[in-house]
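Examining the three-dimensional arrangement
Okay, here's what each chain looks like letter by letter:
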Amino acid sequence: FQKISAAEHQKIQKALDAPNKTGFTPLMFTVKGGFIDSTMSLLQADANPNVQHVESGNTALHFAVERGDALVLKALIVFGGNIFMQNKEGKTPLDLALGATEGDPKGCIKILQEITDLTKKANDIYASAQKLPDIATDSVFLLCLDGGGVRGLLSLQILMAIRNRMKQIQPDCAPLHEHFDYIAGTSIGGLITLAASALNASLEESRADLFKVVDDVFSTKPTFTFAAADGIAKGTFGMEMNISDIKTPRIIIHTVEAHVNPPVLHKI
């Protein structure tokens, strides 16, 4: 969750998405080679899955379906891959999947068809809601983020979908967390809450780091690695910051005192 400057982010982004002499970005290369760990590392570093190959116009999603790699395809979609982008022959990833013979083309086709259907349903819902609702100034609004390790990804994806739709309706709308008076989080939801409030981290930054937190802190089910969690918290937020320093929105972190039986809920 550690923040870097906008200028540093642009430099990193430019390097991550730079094509080599044959027109392949690092992400395209790892996807074509089936290197899942390297692919995830690049995605977590904010590599753009929608960059097109110089000659073919293929994106990383096109290369994933050519290999029939359903797992990588899912990861690319989670990190913002556009399933509707066309290459220079006018073919989408689904078009290529329908003609693929390697790997698991049926799995890729199923994923792409499901996302297509869900996108159509979302567009129908969007068409019925053309403006942001009015906020009652005499009310108090609370956002709750659940725990569950990697399942925190679902919370982030839902929040990003809401945020993106808000931007479509009103491009200059305030950041999502500013629409709430309180944000409450448990476990991984607590880390997301702290990142959004204390560091003003974007949802995309939180999503990228969520995978590292899950690997380091929840490395062995059902064991929770306290030392790893403690190290991440100190390295991210420092030793001097107090929750009381965060004035708006107010935040609530739920933890469990697990050394007693039954466990006791503890709110900070």
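On a predicted model such as this, the values are computed, not experimentally measured, just so you know.

1. Considerations on the pairing of strand S4 (residues 264-267)
- The pairing of strand S3 (residues 250-257) with S4 spans 4 bridges and is antiparallel. Opposite Val256, over in S4, you have Leu265 as the bridge partner.
- Between the end of S3 and the start of S4, which pair antiparallel, lie 6 residues.

2. Quick look at the packing of helix H4 (residues 60-67) against helix H5 (residues 70-78)
- Put simply, H4 and H5 touch, their axes get as near as 8 Å, and they point 165 degrees apart. It follows that H4 is roughly antiparallel to H5 by the angle criterion. Viewed along their axes, H4 and H5 form a crossing whose handedness is left-handed. Side by side, H4 and H5 meet where Ala60, Leu61, Ala64 and Val65 of the first sit next to Val72, Leu73, Leu76 and Ile77 of the second.
- Class assignment of the residues belonging to the contact of H4 with H5 gives a composition of 8 nonpolar, no polar and no charged.

3. Overview of the packing of aromatic side chains
- Applying the stated criterion across every chain yields a total of 2 aromatic pairs.
- Judged by centre distance (5.7 Å) and plane angle (45 degrees), the rings of Phe24 and Phe63 are tilted. Here Phe24, found in the loop between helix H1 (6-16) and helix H2 (26-33), pairs with Phe63, found in helix H4; they are 39 residues apart in sequence, far enough to count as distant.

4. Brief notes about the nonpolar core
- Within the largest apolar cluster, 29 residues are counted, with the highest numbers of intra-cluster contacts made by Leu27, Val31, Leu73 and Leu76.
- Where this core is concerned, the elements lending two or more residues are H2, helix H3 (36-44), H4, H5, helix H6 (93-99) and helix H7 (105-127).
- It is H5 that provides the largest number of residues to this core, a total of 6 residues.
- Beyond its immediate stretch of four places on either side in the chain, Val31 contacts Thr39, Ala60, Phe63, Ala64, Arg67, Val72 and Leu76.

5. Side note on H3
- When H3 is considered as a whole, its buried residues turn out to be Thr39, Met40, Leu42 and Leu43. What you see down the axis of H3 is that its buried residues fit within an arc of 160 degrees, all on one side.
- Directly beyond the C-terminal end of H3, a positive phi value near 85 degrees is found at Asp46.

6. Digging into H2
- Residues Leu27, Met28, Thr30 and Val31 constitute the buried set of H2. Viewed along the axis of H2, the buried residues span an arc of 165 degrees, placing them on a single side of the element.
- Where H2 is buried, its residues contact H3, H4 and H5.
- Positive phi appears at Gly34, one or two residues downstream of H2, with a value of about 75 degrees.

7. Observations regarding unusual backbone geometry
- Each neighbour pair has its own omega, and for Asn261 with Pro262 the value is 5 degrees, a cis peptide bond.
- By secondary structure assignment, the location of Pro262 is in the loop between S3 and S4.
- Although it is not a glycine, Asp46 adopts a positive phi angle of roughly 85 degrees.
- Among the residues examined, Asp46 registers a relative accessible area of 28% and is labelled partly exposed.
- Although it is not a glycine, Ser187 sits at a positive phi angle of roughly 55 degrees.
- Secondary-structure assignment places Ser187 in the loop between strand S2 (182-186) and helix H9 (188-198).

8. Focus on the sheet that holds S3
- Taking strand neighbours across the sheet as the criterion, the 4 strands line up as S1-S2-S3-S4 in an open arrangement whose pairing is mixed. Only two strands of the sheet have a single partner each, and these edge strands are strand S1 (142-145) and S4. For this sheet, the mean angle separating the axes of adjacent strands, direction not counted, is 20 degrees.
- Where S1 meets S2, 4 bridges bridge the pair, whose relative direction is parallel. Within the sheet, the bridge partner assigned to Leu143 lies in S2 and is Ile183.

Scoring rules and cut-offs
- Residues numbered from 1 in each chain as written.
- Predicted model: local features only at pLDDT ≥ 70, side-chain atom pairs only at ≥ 80, totals over all residues.
- Heavy atoms only, no water.
- Pairing = 2+ DSSP bridges.
- Helix = DSSP H or I, 4+ residues; strand = E, 2+ residues; numbered from the N terminus.
- Axes fitted to C-alpha atoms, helices over the stretch in contact; angles between N-to-C directions.
- Parallel < 35°, antiparallel > 145°, perpendicular 65-115°, else oblique.
- Left-handed = near helix turned anticlockwise from the far one by under 90°.
- Contact = heavy atoms within 4.5 Å.
- Nonpolar A, V, L, I, M, F, W, Y, C, P; charged D, E, K, R; others polar.
- Phe/Tyr/Trp six-rings, centres within 6.5 Å; stacked < 30°, edge-to-face > 60°.
- Core = buried A, V, L, I, M, F, W, Y, C linked by side-chain atoms within 4.5 Å.
- Buried < 20%, exposed > 50% of the residue type's maximum accessible area, 1.4 Å probe, protein only.
- Arc of directions from axis to C-beta.

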